[in-house]
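This is what each chain is made of:
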There are 2 protein chains.
Amino acid sequence: MKIGFVQFCPRFGDKDDNLRRVEEMVRGTEADLLVLPELFNTGYLFLFQEEVVRAAEAIPGGPTTQFLLRLAKDEQVHIVAGLAEKAGRRLYNSAVLVSPQGWTRTYRKSHLFVDEKIFYHPGDTGFVTFDIGAARVGLMVCFDWIYPESARVLALKGADIICHPANLVLPFCQKAMVTRCLENGVFAITANRTGTETRGDKSLTYSGMSQIVGPRGEILAQANGDEQVVRIVEIDPLKARDKKVTERNDLLADRRPELYGEITAKENEI
Amino acid sequence: MKIGFVQFCPRFGDKDDNLRRVEEMVRGTEADLLVLPELFNTGYLFLFQEEVVRAAEAIPGGPTTQFLLRLAKDEQVHIVAGLAEKAGRRLYNSAVLVSPQGWTRTYRKSHLFVDEKIFYHPGDTGFVTFDIGAARVGLMVCFDWIYPESARVLALKGADIICHPANLVLPFCQKAMVTRCLENGVFAITANRTGTETRGDKSLTYSGMSQIVGPRGEILAQANGDEQVVRIVEIDPLKARDKKVTERNDLLADRRPELYGEITAKENEI
């Protein structure tokens, strides 16, 4: 199975150009699963909620998901991509999974970062996994990485590959994802963007270094900090189903859930 | 507050010599909290359970805990140390916390590694934190590191500093502990041993590289792979009580426990 990431630099607010450039990068890659960055179609640095309202789209009805569906069908590839979602009056920072068969699934970001809390509603889908034939995939978005519960719940729900669209500004995530893969015995594809966005008096520089990590914490592919590139590796996703780290130790079966009660307790119960 | 680790090479089965050498290393350090390796008094590589039965001691009544209590009182230091514990007919791979005031607390390792499953009973204390005046400390032992739930539960129970006696043979833990500190906003002291133990046809080489990590993932001290050394750093433990990573993001308060149910579910409930 061939899995990969698309690392590129979206132009803020220029959807047509962003979709066109992604299409150019995806055509002919012959991958089975590709992950694009968070908010790949619009850019990240919104200043006012009204801008998000205008940029957000319905899933699957909006033009970006329809574009992805056409591309997935033409190229016979599953694509995971981040975009602002409009659902009724609510806005979410979402990731959509589109299949070559024409179906879509949505994950809504659970852990919002800084000003996203102003613009988006906290995700209400939880951490969900989906069967794409060759593997079971789970979705999380950017800052979800710092919560070990995100990847853990996906692994417990059978994810072989964690698809992780991101717009990272700090360098900690890439190393932490090695730990996430090691502790859960899963593959992870972190698709980060590059470049600097400057709007009004705000400016963010994204750290690139998109990567694919294997279930023993091995880095299988990594981009540098600013290249626009597609990287694809061939993996055996079934390696993520072997959770044995020694002949007597299984990463998931050896858990002691009876000792972990605080993790799911409401704060006033602790 | 001065916190540190003692990295040394225990001699298998030679308790008197191990205690003597630890005493030499601890005397005059003027630390407030010191962490020693797992099974520091006996060595690790037991071949038969009968050997563990002979080596294990009651806590606090056994000679090793009594030795630690004297040392803690003389040096006015809290000490965390790993040892095989005998409790009735059960054996545990435990860590004891001894105070200069003369009290002791015990943690029994929750996640046993390889042959430890033959020799020891799975820990039944859960992850517990203790007030030592200047800080609240939590205990975990060696392989507990690969389970993110260990450090998470300790952080949720208010640990400022995670004390982590270890006998590590692989190199992954030291990097993972950076993630543990970052995701929980806590300090961690990993006290590893050095040297090679060969018994019968078995041999283990321990990786040293004991370290102290701060609540933003910064490495404050690190030993090399084979030196026998005490390293002490001065910290402000209250820094671990500030869980804000941005002006709008709090590592613990922003958790979404309602989405993490699988973590505490029994396997047949998932």
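Look up a bit, the structure's there.
Below or above, wherever it landed, is the structure these notes cover. What you are looking at is a predicted structure, and each value in this text was computed from that prediction instead of being measured.

Description of the interface of chain B and chain A
- Each partner contributes residues to the interface: chain B has 53 residues there, and chain A has 53 residues.
- Of the roughly 4,500 Å² buried between chain B and chain A on both sides combined, carbon and sulfur atoms contribute 61%.
- Area buried by chain B at its contact with chain A is led by B:Y147, B:R248 and B:I263, which between them contribute 13% of it.
- Taking the shortest distance from any N to any O, the salt bridge between A:D254 and B:K117 comes out at 2.8 Å.
- Elements that contribute at least two residues to the side of chain B that touches chain A include exactly α4 (116-119), α5 (148-156), α6 (172-184), β15 (244-246) and β16 (249-250) of chain B.
- Sort the elements by how many residues they give to the side of chain B that touches chain A and α6(B) lands first, with seven residues.

A word on the pairing of strand β13 (residues 219-222) of chain B
Residues and elements named next belong to chain B.
- Sheet topology places strand β12 (residues 211-213) next to β13; three bridges connect them, and they run antiparallel. Across the sheet, the residue bridging to Q211 is Q222, located in β13.
- Adjacent in sequence and paired antiparallel, β12 and β13 are bridged by five residues, among which G217 carries a positive phi angle near 85°.

Focus on the relation of the copies chain B and chain A
- Under the fitted operation, chain B is carried onto chain A by 0.0 Å of movement along the axis and a turn of 180°, and the coordinates agree to an RMSD of 0.0 Å. Such a combination of turn and shift is consistent with a two-fold rotation axis. Across chain B, the smallest distance between a C-alpha and the rotation axis is recorded for B:P148, namely 3.3 Å.
- Of the residues that chain B buries at the interface, 100% are likewise interface residues in chain A, meaning the two copies contact each other through the same surface.

Details of empty space enclosed by the protein
- Taken as a whole, this structure holds one cavity of 30 Å³ or more when the rule is applied.
- By volume, the largest cavity is sized at about 40 Å³.
- Taken together, A:P148, A:E149, A:R152, A:I263, B:P148, B:E149, B:R152 and B:I263 form the lining of the largest cavity.
- Those elements that provide at least two residues to the lining of the largest cavity are α5 (148-156) of chain A together with α5 of chain B.

Focus on the environment of B:T42
All names here are of chain B.
- Positionally, T42 belongs in the loop between β2 (33-35) and α2 (49-55).
- Note on T42: relative accessible area 3%, which makes it buried.
- Each C-alpha atom, one on T42 and one on L83, is 7.5 Å from the other, the two residues being 41 residues apart in sequence.
- If we skip the residues at most four places from it in the chain, T42 touches R11, F12, G13, K15, N18 and A55.

A word on the packing of α5(A) against helix α6 (residues 172-184) of chain A
Residue and element names in this part refer to chain A.
- Put simply, α5 and α6 touch, their axes get as near as 10 Å, and they point 35° apart. Regarding α5 and α6, the two cross each other, and that crossing is right-handed. On α6, the residues that touch P148, A151, R152 and A155 of α5 are R180, E183 and N184.
- Considering only residue class, the contact of α5 with α6 consists of three nonpolar, one polar and three charged.

Quick notes on the sheet that holds strand β7 (residues 136-139) of chain A
Residues and elements named next belong to chain A.
- Here we have six strands laid out as an open sheet, ordered β6-β7-β8-β9-β12-β13, and mixed in their pairing. Each end of this open sheet is capped by a strand with a single partner; those strands are β6 (129-131) and β13 (219-222). Ignoring strand direction, the axes of neighbouring strands in this sheet form an average angle of 20°.
- α6 contacts β8 (161-165), β9 (187-191), β12 (211-213) and β13 of the sheet and is inclined by roughly 20° relative to β12.

Rules of the game
Residues numbered from 1 in each chain as written. Chains lettered and ligands numbered in written order. Predicted model: local features only at pLDDT ≥ 70, side-chain atom pairs only at ≥ 80, totals over all residues. Heavy atoms only, no water. Contact = heavy atoms within 4.5 Å. Buried area = accessible area lost by both parts, 1.4 Å probe. Salt bridge = Lys/Arg side-chain N within 4 Å of Asp/Glu carboxyl O. Helix = DSSP H or I, 4+ residues; strand = E, 2+ residues; numbered from the N terminus. Pairing = 2+ DSSP bridges. Least-squares fit on C-alpha atoms with pLDDT ≥ 70 in both. 1 Å grid on protein atoms, 1.4 Å probe; cavity = no way out; pocket = protein on both sides within 12 Å on 5 of 7 lines; lining within 4 Å. Points joined across faces, edges and corners; volume = space filled by probe spheres on them. Buried < 20%, exposed > 50% of the residue type's maximum accessible area, 1.4 Å probe, protein only. Axes fitted to C-alpha atoms, helices over the stretch in contact; angles between N-to-C directions. Left-handed = near helix turned anticlockwise from the far one by under 90°. Nonpolar A, V, L, I, M, F, W, Y, C, P; charged D, E, K, R; others polar.

Interpretation note: all reported values are geometric properties and have no functional meaning in isolation.
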